[in-house]
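Coordinate analysis (summary)
So you can see what is in the structure, the chains are spelled out below.
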Amino acid sequence: MFKQSLAKTALVLMAGLLMAGTAAAKEMKIGIVDVQAVVAQLPQTTTIQNTLKAEFEGRIAEVQKLEKDIAFNQEKLKRDGATMNDQQKKTLQGEMEKQMRSYEQLARPLDEDYRNRQAEERNKLMGLVKTAIDSLAKKDNYDLILNAQAGVFVKPEYDISNAVVAQVSKAK
């Protein structure tokens, strides 16, 4: 009698565990987003590049002119140095040193400013991408959305990158 009761209890317990396992193992809806590809496809990316180019155009041109002037004077010293007198060489070398100092004073801050602005704009864009992903996850009931670089192989039907591009493209 006791053995039968124990067997029935064990059977009920196993059935309960199997049912709980089945309920816990419900199918998850998973999506994959290639964030790098999404950002590259966005029209906002081109707009940002054009804006940054226009914003820094004058400073970049000034630095490029200095680069050309320095290269020209270096070539001139190399080419004509043997025929120049000491005073001409000193004058040219002094001019080159002055140009190099100007170059360093202009190029380093330009590079830093450009990188900072680029990071600002990239962060804004990534915010839009994140918002679009969150919106799609909520709207389409996704349980999990991963970056495409997180998987070694992903079936194309799980890729929601195009939907993210479409949604972010609508945003201004």
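Thresholds, definitions, all that
Residues numbered from 1 in each chain as written. Predicted model: local features only at pLDDT ≥ 70, side-chain atom pairs only at ≥ 80, totals over all residues. Heavy atoms only, no water. Helix = DSSP H or I, 4+ residues; strand = E, 2+ residues; numbered from the N terminus. Contact = heavy atoms within 4.5 Å. Areas by Shrake-Rupley, 256 points an atom, 1.4 Å probe, with all protein chains shown as cover. Buried < 20%, exposed > 50% of the residue type's maximum accessible area, 1.4 Å probe, protein only. Arc of directions from axis to C-beta. Axes fitted to C-alpha atoms, helices over the stretch in contact; angles between N-to-C directions. Left-handed = near helix turned anticlockwise from the far one by under 90°. Nonpolar A, V, L, I, M, F, W, Y, C, P; charged D, E, K, R; others polar. Expected span 1.5 Å × (residues − 1). Polar contact = N/O pair within 3.5 Å; in protein donor to acceptor, adjacent residues only side chain to side chain. Phe/Tyr/Trp six-rings, centres within 6.5 Å; stacked < 30°, edge-to-face > 60°. Salt bridge = Lys/Arg side-chain N within 4 Å of Asp/Glu carboxyl O.

**Some words on the overall build of the protein chain**
Along the backbone of the protein chain there are five helices and two strands. Tracing the protein chain from N to C terminus, the helices and strands come up as α-β-α-α-α-β-α. Here the analysis covers contacts within the protein chain between residues at least 6 apart in sequence; of these, 85% occur between residues at least 24 apart. Taken as a whole, the protein chain presents about 13,000 Å² of accessible surface, with 57% of it coming from carbon and sulfur.

**Points about helix α5 (residues 161-170)**
All of the buried residues along α5 are S161, V164, V165 and V168. On an axial view of α5, the arc spanned by its buried residues comes to 100 degrees, and they lie on one face. With respect to the buried face of α5, the exposed residues turned more than 90 degrees away are N162 and K170. Residues of α5 that are buried in the fold lie against β1 (30-33), α2 (35-41), α3 (43-80) and α4 (86-139).

**Here's the deal with the environment of P43**
By the secondary structure assignment, P43 is in helix α3. For the pair formed by P43 and V168, sequence separation is 125 residues and the distance between their alpha carbons is 9.1 Å.

**Comments concerning the environment of L66**
Relative to the helices and strands, L66 resides in helix α3. A relative accessible area of 13% places L66 in the buried class. A sequence separation of 30 residues divides L66 from M96, and the C-alpha atoms of the two residues are 9.9 Å apart. Contacts of L66, omitting those with residues within four sequence positions, involve Q99, S102, Y103 and L106.

**Quick look at the packing of α4 against α5**
Here α4 crosses α5 at 120 degrees, and the two axes come no closer than 9 Å. Every pair of crossing elements has a handedness; the one defined by α4 and α5 is right-handed. Counting all contacts with α4, which are made through L128, V129, A132, I133, S135 and L136, the residues of α5 involved are A163, V164, Q167 and V168. A class-by-class count of the residues in the contact of α4 with α5 yields eight nonpolar, two polar and no charged.

**Some words on α4**
In an α-helix, one turn spans 3.6 residues, which is why side chains three or four residues apart end up on the same side. The first and last C-alpha atoms of α4 sit 78 Å apart over 54 residues, in line with the 80 Å expected at 1.5 Å per residue. A distance of 3.1 Å separates the backbone nitrogen of Q87 from a side-chain oxygen at the start of α4, and that oxygen is part of N85. Looking one or two residues past α4, N141 carries a phi angle of roughly 55 degrees, positive in sign.

**As for the packing of aromatic side chains**
Across all of its chains, the model carries one aromatic pair by this definition. Pairing F56 with Y114 gives two aromatic rings, centres 5.2 Å apart and planes at 70 degrees, and the pair type is edge-to-face. With F56 in helix α3 and Y114 in helix α4, the pair connects residues that are 58 residues apart, well separated along the chain.

**Details of the pattern of salt bridges**
Charged atoms that come close allow side chains of opposite charge to pair. Counting across every chain of the model gives nine salt bridges. Here R117 and E55 are joined by a salt bridge, their closest N and O atoms 2.9 Å apart. Taken as a pair, R117 in helix α4 and E55 in helix α3 lie far apart in primary sequence, 62 residues in all. Given a relative accessible area of 17%, R117 falls into the buried group. The partly exposed category is assigned to E55, whose relative accessible area is 41%. Among the charged side chains, a salt-bridge network with shared partners connects E55, R117, E120, E121 and K124.

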